[in-house]
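Analysis of the macromolecular model
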Amino acid sequence: MDFNRRNLLGLEGFSAEEITHILDTAESMKQINLRPIKKVPTLRGRTVVLFFFEPSTRTRTSFDLAAKRLSADSVSLSASTSSLTKGETLIDTARNLEAMGPDLIVMRHSMSGAPHMLARHVSPGIINAGDGTHEHPTQALLDMMTIRQHKGRLDGLKVTIIGDISHSRVARSGIIGLGTMGSTVTVYGPKTLLPPAPASLGVQVAGSMDEAVADADVIMMLRVQQERLGEVLFPSLREYAQRFGLAQRHLKLARPDVLVMHPGPINRGVEISPEVADGPFSVILDQVANGVAVRMALLYLLMSGADSEET
Amino acid sequence: MSILLKNGRIFCPASGMDQLGDLLVEGPVIAELGGSLPAGDAEVIDCQGLWVTPGLIDMHVHLREPGHEYKETIASGTRAAAAGGFTAVAPMPNTNPVNDSRSVTDFILEQSARHGAARVYPVGAITKDLAGRELTEMAELKEAGCVAVSDDGKPVAASRMLRRAMEYAATFDLPVICHSEDPGLADGGVMHEGEVSTRLGLAGIPAEAEVTAVERDLALALLTGARVHIAHISCAGSVAALARAKAAGGRVSGETAPHYLALDHRAVGEYDTHAKMNPPLRTPQDVAAVRQGLADGTIDALATDHAPHSVLEKAVEFDLAAFGVVGLETALGVVMALVEQGELSLARAIEAMTARPAAILDLPGGRLQKGGPADICVMDPAASWRVDPQNFYSLSRNTPFAGHDLVGRAILTICGGEITHRFKEETA
């Protein structure tokens, strides 16, 4: 199929065909990662800027590796080393970057919509590597790749996401992407952590932990962001772990071949018990491996389409 | 100098006048109106097909001077007002320094006298520096020329303080204009909390942050007997609360703004900071309720909450962008489009922008009458035009209506007998 996009700002608006095409491309990239020499010349001479305004280890490393395996040059810029601490606006910083001629900007920012604003002001393509509490599309794509690898399909699956749905960009992109691919998504968590209008995202809200995990094909646990404790969203980690943490007993209610996923980094003993995290149903490390492949696919698709029209 | 407005439809809800005829301005007053009048040595302006109404009054603007002259000045803001058909504006006190003392009020009035293209009626602060701790010297503010007091932008959180402020203001019959918002409930929010905020991952401001505060402020109005005016009503719950307080006999009133009548939260689109204001754009149901409230008179007045901001405040991340939109130059077009659609009667639309705000703030004007001030708006009700912010007289361009097609515009504005805006001359 033709893949004419220059930006990946979010999965909203992506068709099932486009998502499938990205996942298929990622499968072929994965083969490269299994070779002894994990490098191809595909993107030689292309430059990717990794523009990170929030601390991130795994996402940035994953993009960095993806770029290097395709022979693109990658440069990292983090909030502490950039000019933003000197009072420069985001647009000014981005225009300075643009003047250095990168082909693609991978951007993480603590505020929702920051990459969308940038996309209106600079010419290089932009990949959203997580914006505030909005979207994290590459995480959702690697999650879908992992599910498809184990289940052989995405449509007709029951996927349950548990935890801080409201503030989770992983959840929002996952809900949109999985919904587009035909999965049924159920969410569960304390009501303080559910979005104000869950129905508008096309999800069902479970009434209990047992209901949430019942017959689930996939259970996706979200990280408890402990800094949110200060906002009176739940009383204690202890009660959270008891009421909203995934334990061995829940898995008996799910499908026998249930997958347990987590975007990481995990809080063992809080949202997920150690037995479950390390247990046979856990595919957490597959997620990490697929992350590199998905990001290679996106770098390839967005940069090789860079000469074509705007999206 | 004399001006004869010839053959216009003279429309004045306050005096009940609606007839084709002439209106003669001599010096600062209306010398005669109605029927066919002799021109004499007056400049004759053909108003065939045009409507002649009282000059519009905007009881809620931000002129940014003193302190933020890069966004707007009294000169540019009143020039924008004139272009929109307004002959009087009431600027809110959140300038720098805050209008909380006679010296600041004096400065505003001096600047207006020197550079103003419209009458300026300053609104003083309720508390010093809008800090919510000490009352301002309201008697002196009134003497200096303030027509009301308000906490606009920084609501008085402590109910006891607001009660005392209302009681004290009532001593001098000074209206209290409330920016009704529960700051704790709204804290951190950047748009209406609902399906759009959910989709965009933005922190929401529930309508209840406004409604609970409106309920409190109206309850205190009933307790104190003060004249209390609720600013920028944006949602159904506030309209219902205002209707109840009026039924209970309160000396209360309310206003809404054109953007709450024409736009809902979907206008935020892909993080458009020009659709970010406080209170935020609400749901389509709220828009319907606010329209209904304005149509049936529960909401008395229409005010723009003209809030100029430069690109420095708007071309940034949505979370960081300043709240507020400009409105003086689009208000008439937005409202007349609603009149054309049958959402609002012409009489209510004009009344809400003339006689009602004049009554709420005890201002002269707001009606066309012999011997009264010659504050007049001549509008072309049929003019359809597309909003291009580059043509604004305001120093700022932060409008959510860029590119919108509006109906109706001011062709000629006369303030105190002086022509302050003439559309055909100044726009090629």
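In this text the structure is predicted, and so the values were computed from the model without any measurement.

A word on the overall build of chain B
Helix and strand counts for chain B stand at 15 helices and 19 strands. In summary, chain B has a C-alpha radius of gyration of 20 Å against a globular reference of 22 Å for 428 residues, a match within 12%. With the C-alpha coordinates aligned to their principal axes, the bounding extent of chain B is approximately 65 × 45 × 40 Å. The proportion of buried residues among the 428 residues of chain B is 62%. Put simply, of all contacts in chain B between residues at least 6 apart along the chain, 75% involve residues at least 24 apart.

Looking at the nonpolar core
V106, I127, L141, M144, I147, I161 and L299 of chain A are the most contacted members of the largest nonpolar core, which has 62 residues in total. In terms of residue count, the dominant contributor to this core is helix 11 (residues 284–304) of chain A (10 residues). Among the domains, domain 1 (16–132 + 288–310) and domain 2 (137–287) of chain A are the pair contributing at least three residues each to this core. For I147 of chain A, the contacting residues outside a window of four places in its chain are G152, R153, L154, L157, L178, V218, M220, L259 and M261 of chain A. In terms of nonpolar packing, the next biggest core, distinct from the first, is built from 60 residues, C178, L261, L344 and C377 of chain B among them.

Focus: helix 7 (residues 207–224) of chain B
Helix length check: helix 7 of chain B, at 18 residues, gives a terminal C-alpha distance of 26 Å against a target of 26 Å (1.5 Å per residue), a fit within 8%. Just downstream of helix 7 of chain B, G225 of chain B is the residue with a positive phi angle, here 75°.

Comments concerning the side chain of H179 of chain B
Residues and elements named next belong to chain B. Positionally, H179 belongs in the loop between strand 11 (176–178) and helix 5 (183–186). The buried category is assigned to H179, whose relative accessible area is 4%. Side-chain polar atoms of H179 contact the side chain of H232, separated by 3.2 Å.

Focus: empty space enclosed by the protein
Empty space among the atoms becomes visible once a probe the size of a water molecule is rolled across them. All names here are of chain B. For the coordinates displayed, the defined rule picks out 6 cavities of 30 Å³ or more. Volume-wise, the largest cavity comes out at about 80 Å³. If you trace the largest cavity, you find 13 residues lining it, with S180, E181, E210, N278 and P279 closest to the centre. Top element by residues in the lining of the largest cavity is helix 7. It accounts for 3 residues. Within the lining of the largest cavity, the residues separate by chemical class into 6 nonpolar, 4 polar and 3 charged.

Section: the pattern of salt bridges
Summed over the entire model, instances satisfying the criterion amount to 35 salt bridges over all chains. Across the pair R249 of chain A and D210 of chain A runs a salt bridge, and its minimum N-O distance is 3.9 Å. One end of the pair, R249 of chain A, is in helix 9 (residues 248–251); the other, D210 of chain A, is in helix 7 (residues 209–213), and 39 residues separate them in sequence. Here D210 of chain A falls in the partly exposed class, since its relative accessible area comes to 39%. Here R9 of chain B ties to D18 of chain B by a salt bridge, and the two come within 2.8 Å at their closest N and O atoms.

Considerations on the domain arrangement of chain B
All names here are of chain B. We note that the domain assignment places domain 1 (2–52 + 372–383 + 403–427) and domain 2 (55–361) within chain B. On a C-alpha basis, the centroid separation for the pair domain 1 and domain 2 is 28 Å. Contacts between the two partners involve 24 residues from domain 1, matched on the other side by 25 residues from domain 2. Each partner contributes to the roughly 1800 Å² buried at the junction of domain 1 and domain 2, and carbon and sulfur atoms together form 71% of this total. Considering only the side of domain 1, the residues that lose the most area to domain 2 are P13, L406 and V407, jointly responsible for 26% of the buried surface there. Across the contact surface, domain 1 and domain 2 share 1 salt bridge. The interface formed by domain 1 and domain 2 holds 5 residue pairs in polar contact (both at pLDDT 80 or more) in total.

A word on helix 12 (residues 331–340) of chain B
Burial of helix 12 of chain B is extensive: 9 of the 10 residues sit out of reach of the surface. Looking at the residues trailing helix 12 of chain B, positive phi occurs at G342 of chain B, about 80°.

So, the interface of chain B and chain A
The interface is formed by 17 residues belonging to chain B together with 20 residues belonging to chain A. Overall, the association of chain B and chain A removes approximately 1500 Å² of surface from exposure, summing both partners, and the carbon and sulfur fraction of that is 58%. In terms of surface lost to chain A, no three residues of chain B exceed T198, Y271 and E317 of chain B, which account for 40% of the buried area on that side. On the surface where chain B and chain A come into contact, there are 1 salt bridge. Note that R199 of chain B is salt-bridged to E12 of chain A, the shortest N-O span being 2.5 Å. The interface formed by chain B and chain A holds 10 residue pairs in polar contact (both at pLDDT 80 or more) in total. A class-by-class count of the residues in the side of chain B that touches chain A yields 7 nonpolar, 4 polar and 6 charged.

Examining the packing of aromatic side chains
For the structure shown, the criterion picks out 6 aromatic pairs over all chains. Residues Y168 of chain B and F172 of chain B carry aromatic rings whose centres are separated by 5.1 Å and whose planes lie at 75° to one another, so their mutual orientation is edge-to-face. Of the residues examined, Y168 of chain B reaches a relative accessible area of 34% and is grouped as partly exposed. In this structure F172 of chain B comes out as partly exposed when scored by relative accessible area, which is 26%. Pairwise contacts between aromatic rings join Y188, F234, Y240 and F244 of chain A into one cluster. For the cation-ring pair, K276 of chain B lies above F323 of chain B, with the distance from its terminal atom to the ring centre recorded as 4.6 Å. We note R409 of chain B situated over the ring of W385 of chain B; from NZ or CZ to the ring centre the distance is 4.3 Å.

Criteria and cut-off values
- Residues numbered from 1 in each chain as written.
- Chains lettered and ligands numbered in written order.
- Predicted model: local features only at pLDDT ≥ 70, side-chain atom pairs only at ≥ 80, totals over all residues.
- Heavy atoms only, no water.
- Helix = DSSP H or I, 4+ residues; strand = E, 2+ residues; numbered from the N terminus.
- Rg over C-alpha atoms; globule rule 2.2 N^0.38 Å.
- Buried < 20%, exposed > 50% of the residue type's maximum accessible area, 1.4 Å probe, protein only.
- Contact = heavy atoms within 4.5 Å.
- Core = buried A, V, L, I, M, F, W, Y, C linked by side-chain atoms within 4.5 Å.
- Domains from an automatic or database assignment.
- Expected span 1.5 Å × (residues − 1).
- Polar contact = N/O pair within 3.5 Å; in protein donor to acceptor, adjacent residues only side chain to side chain.
- 1 Å grid on protein atoms, 1.4 Å probe; cavity = no way out; pocket = protein on both sides within 12 Å on 5 of 7 lines; lining within 4 Å.
- Points joined across faces, edges and corners; volume = space filled by probe spheres on them.
- Nonpolar A, V, L, I, M, F, W, Y, C, P; charged D, E, K, R; others polar.
- Salt bridge = Lys/Arg side-chain N within 4 Å of Asp/Glu carboxyl O.
- Buried area = accessible area lost by both parts, 1.4 Å probe.
- Phe/Tyr/Trp six-rings, centres within 6.5 Å; stacked < 30°, edge-to-face > 60°.
- Lys NZ or Arg CZ within 6 Å of the ring centre and 35° of its normal.

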